[in-house]
Structures are given as structure tokens and as C-alpha cells.
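Below, each chain spelled out in residue letters.
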Amino acid sequence: HRFKNLMFTTRHDRVAGLGNSEGSQRALNMLFAIRTIQQRTGKDLGATFLSGTTISNSLTELYLLFKYLRPNELERQGIRSFDAWAAVFARKSIDYEFSVTNEIVQKERFRYFIKVPELASFYSEITDFRTMEYIGIDRPKKNEILHNIAPTPDQQEFIAKLMEFAKTGNATVLGRPPLTEKEEKAKMLIATDYARKMSLDMRLIDPLKYDDDRDNKATHCADMIAQYYNRYAEHKGTQFVFSDLGTYKPDQWNPYSEIKRKLVEDHGIPEDQIRFIQEAKTEKKRKAMIEAMNEGRIRVETLLANQASNSDIIARARQDKADFESRVQYDKEGKKLNPLKIDGITGNDPKVIAARLHEIEDKERTPGQPVPIGSLYGFEIVVKTDTTVKEGLDFCENRFFVRGAGKLLYNYNNGRLAADPQTACRNLINAFDSIPRLIEKYTRDNADIEKEIPVLKQVVDETWKKEDELKQLKAELAALDRRILLSLKSVDAQEANTEGITEIRPEPQASPLVAQPAPSMPGEPIVPASPEPYIHRMPDCIVHTAERKPPVLPAMPKTISIKEVMSAGKDKGMTGGISQPEDGTEKPQEKPKWKMKL
């Protein structure tokens, strides 16, 4: 795959989907190396390419494969360029598509192969392939369900800016510096990259500028995951979640962490039941984690630790709730008063306080630890800086929390300030409303843990009920293996004892294998055939090759002389096998009355 981008020449410069005709230097070096091997051997091939997707992007990849491995054959067929190959095996089509700027444009593409049998035969000459059915891979059938999610207001606004950027090349409309000379050549690639990020979540473009939205894809994904989680909770159903954009990083915003946050905060799924594969750093840790999970140890230990941690959090949150309820003040309408105090600000003007809060939001930097900036009803108001890395640059975001006596942090709107001064000041008093939800969540988690721990402990501690039956089956299998082995040895011994002996059993009817009486000479008694089967024994000199003994015969063979044969005709003379008359008169030639077999 690293050498697919080989250069080629073509006149179809306006046909889409052909790839980069200039190619890469790496692929060109590979071509020179293969050509050197082919010149030394005087034939095609010279290299072995391995691929699971020979053709993945364009039809040119198949031509370039022939260009690598079959130059002599291409020359014999008169194919000296991509255009000549495409004229024989490919066909163009004209379609109308939407451009990046949302305009209808005409596009030419090579979409079809023609003369497929000839091309397949040409391809099979250099290819040895294995399909999924041939290997026997058992894969489940994909049940693909597409969800049509309407764009959020921020996405609709960004789409208009993206269209303007595609038309004019003005990168400042996207909130980034102007394009450099090198980036000008990849303008549409940059627009496509922004479009992919925008379609998933606006925070992939700028996590500080854009906020969460109830209608974004992360919310819909979390809702769907929670739906399946609750539907198959009885069977402990497992789900695998994959995003083609973004990677899980503990200290950066990413779609995975956002989905987990929504599952925990919005749907009440226990945090310990959501794991990231990146948490296991090495292969050894992955295997250990899988083994412990299969045995149930990780889940029991994790649940016990979580239960203790949850109980501690509940106790501290209840104390903070009691302290707040004893200190909070209300106006005549029953609305909570907001005596917010910010360091460096005197008075209670919401606009002044909000201006100071926004100033802190823009300029304050904390080394990952909450820093106090004020107080509210005796609780500390703290700010914490979260740092993310994007395109090699550090992006900082300040979030505001209310810290209780138990060092728990409470927030509203994920700690982000609103633009309106009144709303920004109310964000901190509203953070106390999260205390009851927090207590309820961890209490519910502990109740679920109480139900699961006895069952899991029983599963881990008890032995399999059919352990004795399994041992008996293993013993029977071992005994059967021994009997089979002994029977094979017995057969081998019998074959060794009968080596060199071939037994031919006669059939009731006459057949070539039945010993027939040999024709006797005139005057000799006829020897009847033996009813016993004929056993042919090979000579000792062949059977016992080491000893090289001469053959042992039971008796000397009987010999018959020519004179005895001639006299066997009694008074008739034989000349050339034709009987002659005694009186010398010529008679018609007749065949002999009997035949002799030697």
C-alpha cells in the first residue's frame, strides 16, 4: 500500500478519481528496483505484493500493478500507457454531483470495467487470492442502520462559511489564519477536513468556541447506547463504540470522553462499566485485564472499590447539602438570593461581577488545580484550566466550580459561563442544584453494586458443577486413544509377518485368478486342480534381501525334448506344424487337432 502511488501519464486530466498522476518518489524507486530484477532475469514479475484491497480508490491501481509486474506482456499487447489500457478495459461515465460549494457540476469518472473475462484472466496470471469463504472465516452479517440527524444551528452557520471558503479561498472566515502558499494547493482538502470534523461535532474544530448541543451526534449516540444498555441489561450485553474521528486522550476533549460523560451524567450508567481500550498500555496488560475479566476478579474488585468510594462521596455531598440549606437565603418570591463575592470586586453589580468573571475566563491559567477566586454562602468559588492540544498548539479553557467542605466540585452548564451577565452570575448559585442529583446517582450506583456483588462472588468462588463429568469424559477419551494406538500397532505387526506373501482366493466361477490345469501331453495323466487356494510365495532372494539366498525349489522341473515332442504325434510326422500323409499323396492342409501351450 505504500507503493500504490506510482506515476503515470494520461490525457484525462479532467476525469475525477484517477489519483495523483505525478506519483511519489518512494513508488518510483520501487519501480526502478523491480525493473532491475526483471532485466537480470529476463522475464516479468520479480516481486511479491501482499494486499487485502488491491483496488481501493481508483481503477488506476490495477493498471499500475500490471505496470510493476507485467511490462513485457503489456508491451506485447501494445499497451504503453494508462490511456491505452483504459481504452481496452475501462469505460467513462458522466454524472452530475454536488460540489463542496453546494453547486451542481458535471463530473467524468472511470466507473466500469469492460472485457472483464480477459482482464480477469490477465489478472489471475499474477495473482493468488483467498476469499473469506475459502479461508472459512465466520463473520456475522452486518445490520447497518443509518440515522439522519439534522445539523445544529452552529453547524448550519459553519456550512455557509465553509462554502464561502471553498469559493474564495479566504481562510479567515473559518476563524483561522490565511492560507500559506503550500496550503493554497490543498484548499479543497482543507475544506473537506473541516467538513468531516464539523459533521461530527463542532468542538473538534474549536473546543473553546463551541459548546455542547442537545441535538448533536454525541447526544444521539449516547441515547442509542443507553437504550441498548437497558434493553439487554439482564444479559449483561456488551457494546463496542468506534468513532472514525478523534482518539481517546485523558486530558483532551474527544468524542469518546464526551459520550461517556453523557452516559454517566444523563443516563446514570455506572462509570466503571465504560472502559477505553487505551487504558491498557501494553499487550501484557491487555491480556491480564481480559483474563481477570473472564474470571470475574476485576469486576468484583472494582465494584467493591467503587462502593466504598461512592459511600464516601455520598457522605460528603450530604454534608454540603445540609450546610447550603442552613445558609441559603430567599427573597419574597421564594427565589434564592445570590450574594456572590469575587476577589477584587466590591459591591454586587451583576455586570461588574460578570465582567470580572469573563476576564478571569480569558486570562487565568491554573496548573491543573482549582484556584479560589471568591465565595458564595461560605463555599469557595474556584476556577480550573483544562488544556487540550490541537494541531501542535495548546488550547486552554477555564471552567468555574463551587467547592464544598469535602473538596467536591459542583458546576452548572459544565462549568462554562454564559454570555449574559445575569445568567453568568446565576450559573454559580445554580451549581448547588446538582448536589441532590449527585447524591441520587451514587446512591443508585451503590444499590446496583449491592445486587451484583453476591452473584459475582458466587460465580468466582464456586466450582463448575460438571467438573467431575468433564474429568470422566477426559479419562474415557484417553482410554480410547490408547485402544486406537494399540490396534494400529497390531495391524503393523501382522503386515510385517506376512511380508512377501500374496494370497489369491479363487472365485466360484472361472476367472484369471483360478489355477487351471495345464494342458497335458498325449499319454500323460490329467492332474486335477487343487481345491485349496493358490498361494504365491516370492523367492527368498527377493524377500530376504539381506541374505541374498538362491531360490529354493521343491523339486527339479520336468524337461521335454524336441524329440519327445515330435514322437508325441505317434505315426504322424510334423513339418512346420503341418501333418504330412504317409503315402506321399498330397492332401489338403489341415490345422493340428491339438495345441500345446508352453
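Rules of the game
- Residues numbered from 1 in each chain as written.
- Predicted model: local features only at pLDDT ≥ 70, side-chain atom pairs only at ≥ 80, totals over all residues.
- Heavy atoms only, no water.
- Helix = DSSP H or I, 4+ residues; strand = E, 2+ residues; numbered from the N terminus.
- Buried < 20%, exposed > 50% of the residue type's maximum accessible area, 1.4 Å probe, protein only.
- Contact = heavy atoms within 4.5 Å.
- Areas by Shrake-Rupley, 256 points an atom, 1.4 Å probe, with all protein chains shown as cover.
- Axes fitted to C-alpha atoms, helices over the stretch in contact; angles between N-to-C directions.
- Parallel < 35°, antiparallel > 145°, perpendicular 65-115°, else oblique.
- Nonpolar A, V, L, I, M, F, W, Y, C, P; charged D, E, K, R; others polar.
- pLDDT = per-residue confidence, 0-100.
- Polar contact = N/O pair within 3.5 Å; in protein donor to acceptor, adjacent residues only side chain to side chain.
- Salt bridge = Lys/Arg side-chain N within 4 Å of Asp/Glu carboxyl O.
- Phe/Tyr/Trp six-rings, centres within 6.5 Å; stacked < 30°, edge-to-face > 60°.
- Core = buried A, V, L, I, M, F, W, Y, C linked by side-chain atoms within 4.5 Å.
- Left-handed = near helix turned anticlockwise from the far one by under 90°.
- 1 Å grid on protein atoms, 1.4 Å probe; cavity = no way out; pocket = protein on both sides within 12 Å on 5 of 7 lines; lining within 4 Å.
- Points joined across faces, edges and corners; volume = space filled by probe spheres on them.
- Expected span 1.5 Å × (residues − 1).
- Arc of directions from axis to C-beta.

**Notes on the overall build of the protein chain**
Logical step 1: Each helix and strand in the protein chain was counted, giving 19 helices and 12 strands.
Logical step 2: Relative to its 598 residues, the protein chain shows a buried fraction of 27%.
Logical step 3: Considering only intrachain contacts with a sequence separation of at least 6, the fraction spanning at least 24 residues in the protein chain is 57%.
Logical step 4: Carbon together with sulfur atoms contributes 54% to the accessible area of the protein chain, which is approximately 42300 Å² in total.

**Focus: the packing of helix 1 (residues 25–41) against helix 2 (residues 60–69)**
Logical step 1: Where helix 1 meets helix 2, the axes come as close as 9 Å, and the angle between the chain directions of the two elements is 40°. Between helix 1 and helix 2, the angle is such that the two are oblique. Facing helix 1, whose interface residues are A27, M30, L31, I34, R35 and Q38, helix 2 presents K67, Y68 and L69.
Logical step 2: Class assignment of the residues belonging to the contact of helix 1 with helix 2 gives a composition of 6 nonpolar, 1 polar and 2 charged.

**Examining the confidence of the model for the protein chain**
Logical step 1: On average, residues of the protein chain score 75 in pLDDT, and 73% of them reach the 70 mark or higher.
Logical step 2: Confidence over residues 542–547 falls short of pLDDT 50; this stretch has 3 contacts with residues more than four positions distant or in other chains.
Logical step 3: For the stretch residues 572–579, pLDDT sits under 50, and the model shows 8 contacts to residues farther than four places along the chain or on other chains.

**Describing the side chain of D201**
Logical step 1: Here D201 lies in the loop between helix 9 (187–200) and helix 10 (217–231).
Logical step 2: With relative accessibility at 4%, the residue D201 sits in the buried group.
Logical step 3: Looking at D201, its side chain comes within polar contact range of the main-chain nitrogen of R203, at 2.9 Å.
Logical step 4: Residues in contact with D201, not counting those within four places in the same chain, are N216, A218 and W253.

**Quick notes on the pattern of salt bridges**
Logical step 1: Scanning all chains against the criterion turns up 25 salt bridges.
Logical step 2: Across the pair E125 and R70 runs a salt bridge whose closest N-O atoms are separated by 2.9 Å. One end of the pair, E125, is in the loop between helix 5 (116–124) and helix 6 (132–135); the other, R70, is in the loop between helix 2 and helix 3 (71–76), with 55 residues separating them in the sequence.
Logical step 3: On the basis of relative accessibility, which here comes to 11%, the residue R70 falls in the buried class.
Logical step 4: Because the salt bridges share partners, they merge into one network encompassing D201, R203, D212, E258, R261, K262 and E265.

**A word on the packing of aromatic side chains**
Logical step 1: Counting across every chain of the model gives 13 aromatic pairs.
Logical step 2: An angle of 70° between the planes, with centres 5.1 Å apart, marks the rings of F379 and F432 as edge-to-face. Taken together, the residues span a long stretch of sequence, with F379 in strand 6 (residues 379–390) and F432 in the loop between helix 15 (421–430) and helix 16 (434–461) at a distance of 53 residues. No difference in accessibility class separates F379 from F432, as the two residues are buried.

**Some points on the nonpolar core**
Logical step 1: Ranked by size, the top nonpolar core spans 31 residues in total, and within it L340, L357, L376, F400 and F432 carry the most contacts.
Logical step 2: Of all the secondary-structure elements, those providing two or more residues to this core are helix 13 (297–327), helix 14 (350–363), strand 5 (371–376), strand 6, strand 7 (393–403), helix 15 and helix 16.
Logical step 3: If near-sequence neighbours (up to four positions away) are discounted, L340 is found in contact with I353, L357, S375, L376, I381, C425 and L428.
Logical step 4: In terms of nonpolar packing, the next biggest core, distinct from the first, is built from 26 residues, I34, L59, F66 and Y68 among them.

**What about the packing of helix 10 against helix 11 (residues 255–267)?**
Logical step 1: Following both chains from N to C, one finds helix 10 and helix 11 inclined at 60°, their axes separated by 9 Å at the closest point. If you check the angle between helix 10 and helix 11, you find them oblique. The handedness of the crossing between helix 10 and helix 11 is right-handed. Contacts between helix 10 and helix 11 involve A218, T219, C221, A222, D223, I225 and A226 on the former and, on the latter, E258, I259, K262, L263 and H267.
Logical step 2: Taken together, the residues of the contact of helix 10 with helix 11 sort by class into 7 nonpolar, 2 polar and 3 charged.

**Digging into unusual backbone geometry**
Logical step 1: Look at K115: it is not a glycine, yet its phi comes out positive at around 50°.
Logical step 2: With respect to the helices, strands and loops of the structure, K115 is situated in the loop between strand 3 (104–113) and helix 5.
Logical step 3: Positive phi values are uncommon outside glycine, yet N413 reaches one of about 60°.
Logical step 4: As for its placement among the helices and strands, N413 is situated in the loop between strand 8 (409–410) and helix 15.
Logical step 5: Exposure remark for N413: the relative accessible area of 46% places this residue in the partly exposed category.

**Some thoughts on the layout of surface pockets**
Logical step 1: The calculated volume of the largest pocket comes to roughly 2000 Å³.
Logical step 2: At 9 residues, helix 11 tops the list of elements feeding residues into the lining of the largest pocket.
Logical step 3: When grouped by side-chain class, the residues that make up the lining of the largest pocket number 16 nonpolar, 11 polar and 21 charged.

**Topic: the side chain of T219**
Logical step 1: Relative to the assigned elements, T219 resides in helix 10.
Logical step 2: Taking the relative accessible area as the measure of exposure, T219 reaches 1% and is therefore buried.
Logical step 3: A polar contact of 3.0 Å, which involves the side chain of T219, links it to the side chain of K262.
Logical step 4: The residues contacting T219, other than those within four sequence positions of it, are D212, D213, R214 and K262.

**Digging into the environment of I225**
Logical step 1: Position of I225 among the secondary structure elements: in helix 10.
Logical step 2: Here I225 is in contact with Q239, V241, I259 and L263, once residues within four sequence places are set aside.

**Here we look at empty space enclosed by the protein**
Logical step 1: Enumeration over the complete set of coordinates arrives at 2 cavities of 30 Å³ or more.
Logical step 2: If you go around the largest cavity, the residues you meet are T152, D154, Q155, L200, D201, M202, D211, D213 and N216.
Logical step 3: Of the residues in the lining of the largest cavity, the class split is 2 nonpolar, 3 polar and 4 charged.
Logical step 4: Reported here for the second largest cavity is a volume of approximately 40 Å³.
Logical step 5: Forming the walls of the second largest cavity are F400, N411, Y412, G415, R416, L417, N427, L428 and A431.
Logical step 6: Residues that form the lining of the second largest cavity fall into these classes: 5 nonpolar, 3 polar and 1 charged.

**What to know about helix 1**
Logical step 1: With 17 residues, helix 1 should reach 24 Å at 1.5 Å per residue; the first-to-last C-alpha distance of 25 Å fits that figure.
Logical step 2: Among the residues of helix 1, those classed as buried are A27, L31, I34 and Q38. Taken around the axis of helix 1, the buried residues stretch over an arc of 70°, which confines them to a single face. Set apart from the buried face of helix 1 by more than 90 degrees, the exposed residues are Q25, Q39 and R40.
Logical step 3: Next to the buried residues of helix 1 lie helix 2 and helix 3.
Logical step 4: Positive backbone phi, at 75°, marks G42, one or two positions downstream of helix 1.

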